[in-house]
Amino acid sequence: MQPAFKQTLVSHYTCSSVPSGLKIIFFSDLIQLGISEKVALVVQYLSCFVTGFVVAYARCWRLALALTSMIPCMALTGGVLNMFETRYTQRSLKHIADAGSIAEEVISTIRTAQAFGTQRILSGLYDGHVDKSRLVDLKAAVWHGAGLSFFFFVIYGGYGLAFNFGTTLINHNEGAHF
């Protein structure tokens, strides 16, 4: 019985009764579903981004150059936000997985848990993992809110810079053609 429990998931895929051709079709369909629309959206967004900068530099290069200073701030904010979001999501999923494994063990041995009267102890273990996950999710929400607030601060600061610098260019008769 012990060798059966020590088998890895790879042996399940290699020893299953499903033919290899069906596995290949299934996995290729899964890959296609994962990237089919996303590639087109990435191409569209990148082309809009590049075209916007080409038009902006062609119309008024000084204003476009001043507003380009927002890009590093937005990229840095997005990177930091993504880093914290990924870290807290992994921690939360770990606690949820631990709670799920406890629940699975309790359900599979429900007669034993009932016989020894350990329902409260086991539910306390489960609730402890769920509470840890909730705390991690609250910390993630704080970081998400702070990151988005700074992100929008940079965007609205860019609007202020555009109005201020655009007005300065118009007053000096250097930006009258936009």
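Residues numbered from 1 in each chain as written. Predicted model: local features only at pLDDT ≥ 70, side-chain atom pairs only at ≥ 80, totals over all residues. Heavy atoms only, no water.

Enquirer: For this particular structure, what's the right way to read the pattern of salt bridges?
Expert: Opposite charge on two side chains allows them to pair when their charged atoms are near. Scanning the entire structure with this criterion turns up three salt bridges. Glutamate 174 is paired through a salt bridge with arginine 62; the nearest N and O atoms lie 3.2 Å apart. Of the two residues, glutamate 174 is situated in the segment after helix H7 (119-171) and arginine 62 in helix H4 (residues 61-67); the sequence distance between them amounts to 112 residues. Here lysine 94 ties to aspartate 98 by a salt bridge, and the two come within 3.2 Å at their closest N and O atoms. (Salt bridge = Lys/Arg side-chain N within 4 Å of Asp/Glu carboxyl O. Helix = DSSP H or I, 4+ residues; strand = E, 2+ residues; numbered from the N terminus.)

Enquirer: Explain the packing of aromatic side chains here, please?
Expert: Aromatic rings considered in pairs are described by the distance between their centres and by the relative angle of their planes. Per the counting criterion, the structure on display carries eight aromatic pairs. Judged by centre distance (4.9 Å) and plane angle (65°), the rings of phenylalanine 49 and phenylalanine 53 are edge-to-face. Of this pair, phenylalanine 49 and phenylalanine 53 both sit in helix H3 (residues 20-59), four residues apart, which is roughly one turn of that helix. Using a relative accessible area of 24% as the deciding quantity, one classes phenylalanine 53 as partly exposed. Aromatic rings pair up to connect Phe151, Phe152, Tyr156 and Tyr159 into one cluster. (Phe/Tyr/Trp six-rings, centres within 6.5 Å; stacked < 30°, edge-to-face > 60°. Buried < 20%, exposed > 50% of the residue type's maximum accessible area, 1.4 Å probe, protein only.)

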